[in-house]
Structures are given as structure tokens and as C-alpha cells.
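If you want the building blocks of each chain, they are given just below.
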Amino acid sequence: MRTQVAIIGAGPAGLLLGQLLHKAGIDNIIIENKSADYVLSRIRAGVLEQGMMDLLRKAGAGARMDREGHLHEGIWLSFLGRRERIDLKQHSGGKSVMVYGQTEVTHDLMDARMAAGAQSVYEAQDVAVHDFYTEQPRVTYSKDGREVELQCDYIAGCDGFHGITRQSVPADAIKIFERVYPFGWLGVLSRTPPVADELIYANHERGFALCSMRTPMLSRYYVQCALEDTVDAWSDQRFWDELKRRVPEDVADSLVTGPSIEKSIAPLRSFVAEPMKYGRLFLVGDAAHIVPPTGAKGLNLAASDVNTLSEVLRAAYLDKRPELLEQYSAICLRRIWKAERFSWWMTAALHKFSDDPFARRIQEAELNYYTGSVAGRTTIAENYVGLPYETVDTAG
Ligand code: RFL
Ligand code: PHB
């Protein structure tokens with residue numbers, strides 16, 4: 001088999017890249033090791049930046065998002081028993097974010113790919129990448145007991161944090177930057193009306209909590225939990241009781257509870273692999289970097305990587321400018337590190353790290369300071385809605 005770009009992983013990064021390349025007339029095949037149903041069952045992100053909304057529309061997969069997604073012009077930060085609204089639109093020059101689940105994004109991209117007739121291979125086993133430092137890279141995998149070799153011009157590693165592409169890079173060529181946080185998030189999805197119209201990020205002496213949503217009848221809530229915690233240790237009742245303790249009283253009073261329809265624990269991590277290009281192998285999205293979910297940046301960063309990669313591949317194929325591929329890593333990493341900083345800052349300001357009373361007062365002062373001035377609100381708003389995409393420098 002042969003294609004121009006072999007894409008490893010059918011998460012949002014792989015699917016979005018596949019669709020943008022297809023629109024540009026660049027042939028691609030996606031190789032995924034799980035089933036399509038499994039990929040769709042993962043409940044993850046819920047907040048899309050403007051740049052990602054635009055990309056989905058460009059990919060021909062934005063129609064349902066525009067119909068069913070909800071634009072949000074503000075978020076709430078709660079601390080010291082009160083709530084402060086950050087007016088995202090006012091402080092970011094008119095931008096807002098879209099609340100639309102990652103599951104739905106994935107669904108829409110799968111549908112668009114199907115309609116385009118582009119090829120995806122699900123449930124591929126033993127996926128491996130080879131010869132990416134040569135002009136003839138290859139991907140091998142087995143499917144239904146048969147060994148398959150896929151020859152290509154380029155490989156896009158869109159296989160997430162636990163994927164194989166990053167692990168295939170020689171150890172002396174890659175540099176890893178990492179911070180693991182001493183807590184996790186316990187998330188619950190419930191068929192109940194959201195407690196508020198906008199997201200509430202809560203700092204509390206018992207730990208962080210987040211009230212989010214998917215639709216007017218589907219809520220998503222999180223509480224900070226211990227890393228050793230298991231889902232079994234958290235009955236629905238224990239979850240709702242703990243959430244109510246961590247949000248302002250009026251919010252707790254109006255919270256509608258119900259049975260959880262999904263419950264999971266996610267560890268929190270900051271991680272960056274540099275560079276993101278190794279010969280003809282490109283790392284994209286979670287395969288190259290992880291942020292703690294506090295800033296709602298993970299999926300959005302995957303989208304900005306995809307934007308840059310699709311632009312440089314387009315230049316390489318259509319404008320015969322393969323030298324522009326060299327810009328991929330540096331362009332992505334500049335935006336990634338800013339999002340890493342914001343996600344780390346949001347995590348530091350909102351979570352409980354210890355019982356240290358000094359640290360707690362500093363956190364409270366930090367939240368008072370940032371919400372107490374236009375400059376502070378602006379820095380939160382412009383990062384939350386997403387910093388601008390950097391374009392490829394075609395001069396010279
Ligand atoms: P994914 O989604 O992990 O997809 C990778 C795909 O590759 C497949 N794969 C392989 N395929 C072939 N061969 C192999 N050897 C393979 N190994 C793995 C996997 O099966 C999978 O299908 O990575 P991608 O596409 O880079 O997308 C990244 C996002 O999924 C991720 O950044 C976000 O979900 C992070 N995130 C959030 N991001 C936001 O922008 N806004 C949010 O509000 C937000 N909330 C969250 C989040 C992540 C969370 N968790 C559970 C980590 C909330 C949570 C709780
Ligand atoms: C979610 O709705 O899952 C969500 C929203 C905002 C975040 C993280 C997760 O910062």
C-alpha cells in the first residue's frame with residue numbers, strides 16, 4: 001500500500017489533519033489501534049477555542065457544532081466563598097469559546113471522512129513506524145492476522161500520549177520537559193441540567209472543583225482527588241456531597257444531582273517533547289505534549305499543531321516548498337509553551353497542593369489580584385479564548 005501522508009491515530013488530531021489534507025488534495029490513510037466505537041466512548045474535552053471552530057468549519061465538519069454547540073462569553077472563578085466573572089468577550093477583543101464535546105467533534109470528523117471516502121484502518125495491531133530519517137518512510141501493522149506495509153512520504157504521529165510514534169524516536173534526539181502534579185481529577189457526567197449557564201472554576205480549601213456542561217440536559221463536573229483514589233471509592237452520593245462543599249453556597253443550593261452516566265479519574269501532567277519533527281516524522285497533539293485540563297487547552301493545542309502541519313505539508317506538495325516543513329516544530333512549540341504556562345498557572349492558582357497556610361494566602365492573593373484589575377482579567381481572558389495562530393513564514 002502507498003499514500004502520501006500516513007497518519008497514526010484517529011483521535012481529533014489525526015481526523016482533523018486527515019480532513020484538511022484531503023481538502024487540499026493530499027492523499028492520506030489513518031491507522032488506529034482501537035475500534036471506532038472505543039474512540040467515540042472517551043469522554044474528554046468540552047471547550048473549543050475560536051481557532052479550532054474555524055478549522056472544523058474549514059474541514060467541512062463544523063455544521064453540527066454551529067447548530068448544537070453553545071457559545072460562552074464568560075467563565076466564573078470562585079474563591080473565598082464568592083464568584084468573579086471573567087468576561088471573555090470584553091477582555092479578548094470580542095472572542096468567545098464554544099462548549100461542544102470532544103466526542104461530538106470526533107463523531108463529526110469521522111462522518112466527514114466517511115463522506116469524503118478517505119481510508120481509515122481501525123483495530124490495527126502492532127503499529128510501527130520505520131525509516132523516517134530516509135526519503136521512504138514506512139508504517140507496518142497487522143490487521144485480521146495479516147501483515148501490512150504502508151509506504152508514504154511523511155508520517156504524522158497523532159497517537160496521543162501513550163502512542164508509539166514518540167517512543168520510536170532515538171533517545172538522544174528528543175528532549176522531554178515534564179511536571180507531574182500530586183493529585184487527579186475525578187469527572188462525572190450526568191443527565192441533569194447544568195447548575196449555571198457558564199463554567200465555574202472553584203478554588204476551595206478542600207480542593208478544586210469545576211462545573212461544566214455538554215448540553216442543556218447533560219452536565220460535566222469534576223473534583224480534585226487524591227492520585228491513589230479509585231472510582232469505586234467515590235459513590236455518586238460522595239461525589240455530589242464533595243462538589244457541593246467546594247462551590248459557593250448559592251451554586252450548591254441550586255445543583256441538580258442524578259445518577260452518573262460516566263465516572264473516571266485522570267492524572268494531571270505537564271509534558272513537552274522537543275523537537276516535534278524527526279526527519280519525515282511529525283509529532284502532533286498529545287503525542288508531543290500534555291497540559292493539565294484546568295485551562296481547557298489540550299484539544300485546542302492539538303488543533304493548532306494540525307493547522308501548522310497542514311499548512312507546511314500543503315506548501316511542500318502544492319507550492320513545491322518542502323523547506324517550509326522545517327518551520328513546523330518551532331512554530332508549534334512557541335504556542336505550546338504559552339499554553340503550558342497558562343495551564344500550569346491555572347492549575348497552581350486553583351488547586352490544593354498542601355496544608356500550608358502561607359501557600360493558601362498566596363493563592364487567595366493571586367486570585368484577588370488577577371480578578372481585581374482589567375490587566376489581570378485580560379491576561380486570563382486572552383489565554384482562555386486562545387492565543388493567535390502563528391502563520392508559516394513564506395518569505396525568502
Ligand atoms: P488522543 O485523543 O489521545 O488520540 C490519539 C489516538 O491515537 C490512538 N493510538 C494509536 N493508534 C495507532 N497505533 C497506536 N500504537 C496507537 N496508540 C494510540 C488512540 O487510540 C487515539 O484514538 O490525542 P489527540 O488526537 O492528540 O487529541 C488530544 C485530546 O484528546 C486531548 O488533548 C484533550 O482531550 C485534553 N482535554 C481537554 N482539552 C481541551 O482543549 N479542552 C478541554 O476542556 C479538555 N478537557 C481533556 C479534558 C482531557 C481529559 N483527560 C481525560 C485526559 C478533560 C479531561 C478529563
Ligand atoms: C469539560 O467540560 O470536560 C472541561 C471543561 C473545561 C476544562 C476542562 C474540562 O477546563
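Residues numbered from 1 in each chain as written. Chains lettered and ligands numbered in written order. Predicted model: local features only at pLDDT ≥ 70, side-chain atom pairs only at ≥ 80, totals over all residues. Heavy atoms only, no water.

Turning next to the overall build of the protein. A tally of helices and strands in the protein yields 12 helices and 20 strands. Taking 396 residues into account, the globule formula puts the C-alpha radius of gyration at 21 Å, and the protein, at 21 Å, falls close to it. Taking the principal axes of its C-alpha atoms as reference, the protein extends roughly 60 × 50 × 45 Å. Here the protein holds 396 residues, and 55% of them are scored as buried. Nonlocal contacts in the protein, meaning residues at least 24 apart in sequence, comprise 73% of its contacts between residues at least 6 apart. Each charge class in the protein was averaged separately, 45 positive and 52 negative side chains, and the resulting centres sit 2 Å apart. (Helix = DSSP H or I, 4+ residues; strand = E, 2+ residues; numbered from the N terminus. Rg over C-alpha atoms; globule rule 2.2 N^0.38 Å. Buried < 20%, exposed > 50% of the residue type's maximum accessible area, 1.4 Å probe, protein only. Contact = heavy atoms within 4.5 Å. Lys, Arg positive; Asp, Glu negative; His and termini not counted. Charge placed at Lys NZ, Arg CZ, Asp CG, Glu CD.)

Of note, Ser212 is situated in strand S15 (residues 209-215). Given the relative accessible area of 7%, Ser212 is considered buried. Setting aside its immediate chain neighbours within four residues, Ser212 contacts Leu199, Ser219, Arg220 and Tyr221.

Before going further, it helps to spend a moment on helix H11 (residues 357-371). For H11, built from 15 residues, the straight-helix expectation of 21 Å at 1.5 Å per residue is met to within 8% by its first-to-last C-alpha distance of 21 Å. Residues of H11 that are buried include every one of Arg360, Gln363, Glu364, Leu367 and Thr371, and no others. Down the axis of H11, the sector holding all buried residues measures 95°, keeping them to one side. Across H11 from its buried face, at more than 90 degrees, point the exposed residues Phe358, Arg361 and Tyr369. Against the buried residues of H11 lie strand S5 (74-79), strand S6 (82-87), helix H10 (328-350) and helix H12 (374-385). Measuring from the side-chain oxygen of the N-cap residue of H11 to the backbone nitrogen of Phe358 gives 3.0 Å; that N-cap residue is Asp356. (Expected span 1.5 Å × (residues − 1). Arc of directions from axis to C-beta. Polar contact = N/O pair within 3.5 Å; in protein donor to acceptor, adjacent residues only side chain to side chain.)

Glancing now at helix H7 (residues 236-246). If you check which residues of H7 are buried, you get Phe239, Trp240, Glu242, Leu243 and Arg246. All buried residues of H7 lie within an arc of 165° about the axis, which places them on one face of the element.

Turning our attention to the site of ligand 2. Within the structure, ligand 2 sits among 14 residues, and Tyr201, Ser212, Arg214, Tyr222 and Pro293 are positioned closest to it. Measuring from an oxygen atom of ligand 2, one finds a side-chain N or O atom of Arg214 at 2.7 Å. With respect to ligand 2, the side chain of Tyr222 contributes an N or O atom lying 2.6 Å from an oxygen atom. For ligand 2, the accessible surface in isolation is 280 Å², of which the surrounding protein chains cover 97%. Contributions of two or more residues to the shell around ligand 2 are made by S15 and strand S16 (218-225). At three residues, S15 tops the list of elements feeding residues into the shell around ligand 2. (Near = heavy atom within 4 Å. Areas by Shrake-Rupley, 256 points an atom, 1.4 Å probe, with all protein chains shown as cover.)

Attention shifts here to the packing of helix H3 (residues 50-58) against helix H9 (residues 298-318). At a minimum axis distance of 9 Å, the contact between H3 and H9 shows a crossing angle of 50°. By the angle class used here, H3 and H9 are oblique. Taken as a pair, H3 and H9 cross one another with a handedness that is left-handed. Contacts from Met52, Leu55 and Lys58 of H3 reach H9 at Leu299, Asn300, Ala303, Asn307 and Glu311. Across the contact of H3 with H9, the residue classes tally to four nonpolar, two polar and two charged. (Axes fitted to C-alpha atoms, helices over the stretch in contact; angles between N-to-C directions. Parallel < 35°, antiparallel > 145°, perpendicular 65-115°, else oblique. Left-handed = near helix turned anticlockwise from the far one by under 90°. Nonpolar A, V, L, I, M, F, W, Y, C, P; charged D, E, K, R; others polar.)

Here we take up unusual backbone geometry. Most peptide bonds take the trans configuration, and most residues that are not glycine carry a negative phi. The residue after Glu274, namely Pro275, is reached through a cis peptide bond having omega -10°. One can find Pro275 in the loop between strand S17 (260-274) and strand S18 (277-278). With phi around 50°, Asp126 is a residue other than glycine that occupies positive phi space. Tracing the backbone through its elements, the reader meets Asp126 in strand S9 (residues 125-130). A positive phi is found at Asp131, a non-glycine position, where the angle reads about 55°. Mapped onto the fold, Asp131 is located in the loop between S9 and strand S10 (138-143). A relative accessible area of 35% places Asp131 in the partly exposed class.

Further remarks concern the sheet that holds strand S1 (residues 5-8). Taking strand neighbours across the sheet as the criterion, the six strands line up as S8-S2-S1-S12-S19-S18 in an open arrangement whose pairing is mixed. Among the strands making up the open sheet, the edge pair consists of strand S8 (119-121) and S18. The pairing of S1 with strand S2 (residues 28-31) spans four bridges and is parallel. Residue pairing for S2: Ile8 is matched across the bridge by Ile31. (Pairing = 2+ DSSP bridges.)

Shape is all these values report; function is a separate question.
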